[in-house]
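Geometric and topological summary
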Amino acid sequence: MKKEVLIIGGGIVGLATAWRLMEARPDLKVTVLEKEPELATHQTGHNSGVIHSGIYYRPGTLRARNCMEGYGELLRFCDEHGIPYDICGKVIVATRPEELPQLDKILDHGLQNGLKDIRRISAAETREHEPHVNVVESLWVPQAGIINYRKVANKYAELITARGGVIRTGFKVTSIKRSTNEITVIGEAGEVSGDLLISCAACMPIK
């Protein structure tokens with residue numbers, strides 16, 4: 001009998017989690033529960049769409065490693081499935097001279113994290129990228145980009161259902177019950193039971 005995994009949250013985190021589980025463990029039965037009528041309607045669909053390069057994170061930390069590895073995996077996934085993105089680069093600006101040492105710190109973090117071709121640029125060169133910025137100097141980060149994360153989430157959903165996973169929208173969780181043999185998620189639209197529960201939602205009640 002297939003083990004059933006329940007995932008609460010139909011944003012990009014919940015959908016990516018479901019897809020990676022299904023890739024790694026084809027023997028699992030995966031169900032994603034989302035309270036809204038559509039997927040990716042909260043943070044996933046209302047962020048700035050930045051593809052983070054990992055330049056800010058302290059080298060050697062899990063956060064830095066996760067960002068760097070995730071950057072590569074995201075681009076590979078998009079290339080494989082035809083999801084558009086733009087690696088347009090970005091500038092990190094110092095608007096006052098006293099902010100320049102912080103630019104050096106960020107630059108050092110980026111270099112230690114493996115970013116290539118990042119560098120300090122002058123105010124004049126900065127304005128070639130962003131003519132309206134107030135700047136003393138800046139960092140040019142060519143790896144940064146932009147993407148529509150809702151499109152990424154919808155592609156995950158398409159792949160999940162094509163492989164036999166279940167996605168239930170309009171399923172607002174009201175409580176969760178645990179027993180010796182299973183976990184039951186109760187919602188306004190009914191209830192569903194499984195062997196393992198993963199919460200990828202902001203918060204939820206548990207009984």
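None of the values given here were measured: they were computed from a predicted structure. (Residues numbered from 1 in each chain as written. Predicted model: local features only at pLDDT ≥ 70, side-chain atom pairs only at ≥ 80, totals over all residues. Heavy atoms only, no water.)

Attention shifts here to the overall build of the protein. For the protein, the count of helices and strands is 5 helices and 13 strands. Compactness check: the protein gives a C-alpha radius of gyration of 21 Å against a globular reference of 17 Å for 207 residues, more than 25% above the reference. The principal-axis extents of the C-alpha atoms in the protein amount to approximately 65 × 35 × 30 Å. The 207 residues of the protein split such that 41% are buried. (Helix = DSSP H or I, 4+ residues; strand = E, 2+ residues; numbered from the N terminus. Rg over C-alpha atoms; globule rule 2.2 N^0.38 Å. Buried < 20%, exposed > 50% of the residue type's maximum accessible area, 1.4 Å probe, protein only.)

Tallied over the entire structure, the rule returns 10 salt bridges. Between E98 and R96 there is a salt bridge whose closest N-O contact spans 3.0 Å. Take R96: its relative accessible area is 42%, and that puts it in the partly exposed class. Each of the salt bridges in this network shares a partner with another, and the network as a whole consists of R20, E23 and E73. (Salt bridge = Lys/Arg side-chain N within 4 Å of Asp/Glu carboxyl O.)

Another point: the sheet that holds strand β1 (residues 4-8). Spatially, 4 strands are ordered β9-β2-β1-β13 in an open sheet, and the strand pairing comes out parallel. Looking at strand neighbours, the two that pair on one side only are β9 (166-168) and β13 (196-199), the edges of this open sheet. The sheet shows a mean angle of 20° between the axes of neighbouring strands, taken without regard to direction. Here 4 bridges tie β1 to β13, and the two strands are oriented parallel to one another. Note that in β13 the partner of V5 across the bridge is L196. Against the sheet, helix α1 (residues 12-24) contacts β1, β2 (29-33), β9 and β13, and its axis sits at roughly 160° relative to β1. (Pairing = 2+ DSSP bridges. Axes fitted to C-alpha atoms, helices over the stretch in contact; angles between N-to-C directions. Contact = heavy atoms within 4.5 Å.)

Overall, antiparallel pairing links the 3 strands, which are arranged β3-β8-β4 in an open sheet. Of all the strands in the sheet, the pair left with one neighbour each is β3 (50-51) and β4 (85-86). Pairing between β4 and strand β8 (residues 145-147): 2 bridges, direction antiparallel. Note that in β8 the partner of D86 across the bridge is I146.

With that settled, consider the side chain of S53. Along the chain, S53 falls in the loop between β3 and α2 (62-81). Setting aside its immediate chain neighbours within four residues, S53 contacts C67, M68, Y71, L115, V141, Q143 and A144.

Any segment with low pLDDT has predicted coordinates that should not be analysed in fine detail. With 97% of its residues at a pLDDT of at least 70, the protein reaches an overall mean of 93. Highest mean pLDDT in the protein belongs to β4 (98); lowest belongs to strand β10 (residues 173-178) (92). (pLDDT = per-residue confidence, 0-100.)

Right, let's talk about the pairing of β1 for a bit. Where burial is concerned, most of β1 is hidden: 5 out of the 5 residues are buried. Sheet topology places β1 next to β2; 5 bridges connect them, and they run parallel. For E4, the partnering residue across the bridge sits in β2 and is K29. In terms of handedness, the path from β1 via α1 over to β2 forms a crossover that is right-handed. (Right-handed = clockwise from strand over helix to strand, strands pointing away.)

When you line up the elements, E4 lands in strand β1. Within the structure, E4 has its side chain in polar contact with the side chain of T31 (distance 3.0 Å). In this structure, E4 is in contact with K29, T31, V192, S193, G194, D195 and L196, ignoring residues within four places of it in sequence. (Polar contact = N/O pair within 3.5 Å; in protein donor to acceptor, adjacent residues only side chain to side chain.)

A few words now on the environment of Y57. Mapping Y57 onto the fold places it in the loop between β3 and α2. C-alpha of Y57 to C-alpha of Q112: the two residues are 55 residues apart in sequence and 9.9 Å apart in space. Once residues within four sequence positions are removed from consideration, Y57 is found in contact with R63, A64, C67, H109 and N113.

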